[in-house]
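Per-entry structural report
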Amino acid sequence: METQDNDRIRGQVRSAYAKVANGADGCSVGCCGTNAPGSLAMGYTKEDVECVPDGADLGLGCGNPQAIADLQAGETVLDLGSGGGFDCFLAAKRVGRAGRVIGVDMTPEMVTKARDNARRLEASNVEFRLGEIEHLPVPDASVDVILSNCVINLSPDKSSIFQEAFRVLKPGGRLAISDVVATAEMPSALAESVEALTGCVAGTAPVETLRRLLTDAGFEGVRIDPRPESRAIIGQCMPGAEDYVASATIEGTKPGGKTCCGPSCCT
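Residues numbered from 1 in each chain as written. Predicted model: local features only at pLDDT ≥ 70, side-chain atom pairs only at ≥ 80, totals over all residues. Heavy atoms only, no water.

**Let's talk about the overall build of the chain**
Within the chain, the regular secondary structure consists of 11 helices and seven strands. Radius of gyration (C-alpha) of the chain: 17 Å, near the 18 Å computed for a compact globule of 267 residues. If you line up the chain on its principal axes, its C-alpha atoms span 55 × 40 × 35 Å. A buried classification covers 54% of the 267 residues belonging to the chain. Of all intrachain contacts in the chain linking residues separated by at least 6 positions in sequence, the fraction that spans at least 24 positions is 75%. (Helix = DSSP H or I, 4+ residues; strand = E, 2+ residues; numbered from the N terminus. Rg over C-alpha atoms; globule rule 2.2 N^0.38 Å. Buried < 20%, exposed > 50% of the residue type's maximum accessible area, 1.4 Å probe, protein only. Contact = heavy atoms within 4.5 Å.)

Dropping the structure here:
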């Protein structure tokens, strides 16, 4: 029964985001808006918005994971729920031609849109794969950084997402996530609303639940910071929801990797 319920939820989310990929207004999905002003309000710069192809920035985020990712040249980056490719294209600029960016999305229409955007941008270091983020089509220990923007809340199986993220990260790899978290118990009418689900409200989890899931998956240095200033934006998109959810940054590191032993890192 749980598997059937999870598949039903994924179907509802996939259907809603397919419509956005095909040109529908995004205010009933994501965190509102299908144009540049929405992303500027989330912390992106005008340069960020202008350097990607039209249709890459769908305005569906709830923050800017690039701001906490500290991406370095040559790194391999994975974007969970990559949509039209906005964060992937920004990451590709930061990691350079020696780096690589992989976007994974479960909606075929989004993957098609992102691939078309990549061709127009001639982004040779970016690829998009169709798949569920609970079952990533990515090899073990192959990724330096995982990004995600307002997607994990949509999943009915967050534990599997974090376990999969841990699996594909290299030792020392890190999470840089913007998402929506629950801040109070919401009324049943809101919690059971399909619009609230696809609008990144009904599927949210409390901070302590997310912290436990991340720790259970093996992550260290877990940090989840709700953003009180997101209240106004959420209220504009879904009036009343701001009393129950907030956007937040989520960080964590897979143990291992290099350790510093003096002037330079030697292990």
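**Some words on unusual backbone geometry**
Here the phi dihedral of glutamate 122 falls at roughly 55°; this positive angle occurs in a residue that is not glycine. Position of glutamate 122 among the secondary structure elements: in the loop between helix H6 (108–121) and strand E3 (126–130). Among the residues examined, glutamate 122 registers a relative accessible area of 67% and is labelled exposed.

**Observations regarding the confidence of the model for the chain**
Chain-level pLDDT for the chain is 90 on average; 91% of the residues reach the 70-or-more range. Low pLDDT, under 50, characterises residues 260–264; the stretch is placed with two contacts to residues that sit more than four places away or in other chains. (pLDDT = per-residue confidence, 0-100.)

**Side note on helix H11 (residues 230–237)**
Those residues of H11 that sit buried are Ser230, Ile234, Gly235 and Cys237. On an axial view of H11, the arc spanned by its buried residues comes to 165°, and they lie on one face. In H11, those exposed residues whose orientation departs by more than 90 degrees from the buried face are Ala232 and Gln236. Check the buried side of H11 and you find it contacts strand E7 (245–253). (Arc of directions from axis to C-beta.)

**Observations concerning the pattern of salt bridges**
Per the counting criterion, the structure on display carries 20 salt bridges. As a salt-bridge pair, arginine 14 and glutamate 132 come within 3.8 Å of each other at their nearest N and O atoms. Taken together, the residues span a long stretch of sequence, with arginine 14 in helix H1 (residues 2–21) and glutamate 132 in the loop between E3 and strand E4 (143–149) at a distance of 118 residues. For aspartate 216, the salt bridge is made with arginine 212, and the minimal N-O distance between the two is 3.9 Å. Highlighted residues: aspartate 216 and arginine 212, both in helix H10 (residues 207–217), separated by four residues, approximately one helical turn. (Salt bridge = Lys/Arg side-chain N within 4 Å of Asp/Glu carboxyl O.)

**Quick notes on the sheet that holds strand E2 (residues 100–105)**
Pairing is mixed in the open sheet, where seven strands are placed in the order E3-E2-E1-E4-E5-E7-E6. Unpaired on one side and paired on the other, E3 and strand E6 (220–226) mark the two borders of the sheet. Across the sheet, the mean angle from the axis of one strand to that of its neighbour is 15°, orientation sign disregarded. Here E2 runs beside E3; their pairing, made up of five bridges, is parallel. When the bridges of E3 are listed, isoleucine 102 appears paired with glutamate 127. Sheet strands in contact with helix H7 (residues 158–168) are strand E1 (76–80), E4 and strand E5 (169–182), and its direction is about 155° off that of E5. Sitting on the sheet, H10 touches E5, E6 and E7, and the angle it makes with E6 is about 160°. (Pairing = 2+ DSSP bridges. Axes fitted to C-alpha atoms, helices over the stretch in contact; angles between N-to-C directions.)

**Digging into the environment of leucine 71**
Assignment of secondary structure puts leucine 71 in the loop between helix H4 (66–69) and E1. Since its relative accessible area comes to 12%, leucine 71 is described here as buried. Sequence separation of leucine 71 and arginine 212 is 141 residues, and the distance between their C-alpha atoms is 26 Å. Leave out the neighbours within four places in its chain, and leucine 71 touches Gln66, Val77, Ala91, Arg94, Val95, Val145 and Arg174.

**Here's the deal with the environment of glycine 61**
The residue glycine 61 is located in the loop between helix H3 (46–50) and H4 in this model. Residue class for glycine 61 comes out buried when judged on its relative accessible area of 14%. With 25 residues separating them along the chain, glycine 61 and phenylalanine 86 place their C-alpha atoms 9.9 Å apart.

**With respect to the nonpolar core**
One recurring pattern in soluble globular proteins is that nonpolar side chains are buried together. Formed by 30 residues in total, the largest nonpolar core has its most connected members in Leu78 and Ile146. Going through the elements one at a time, E1, E2, E4, H7, E5, H10, E6 and E7 are the ones with two or more residues in this core. Among the elements that take part in this core, H10 stands out by supplying five residues, more than any other. (Core = buried A, V, L, I, M, F, W, Y, C linked by side-chain atoms within 4.5 Å.)

**Overview of the pairing of E7**
For E7, the tally of buried residues reaches seven of nine residues, placing the bulk of the element in the interior. Inspection of the sheet shows E5 paired to E7 by nine bridges, in the antiparallel sense. Looking across to E7, one finds that alanine 176 is bridged to glutamate 251.

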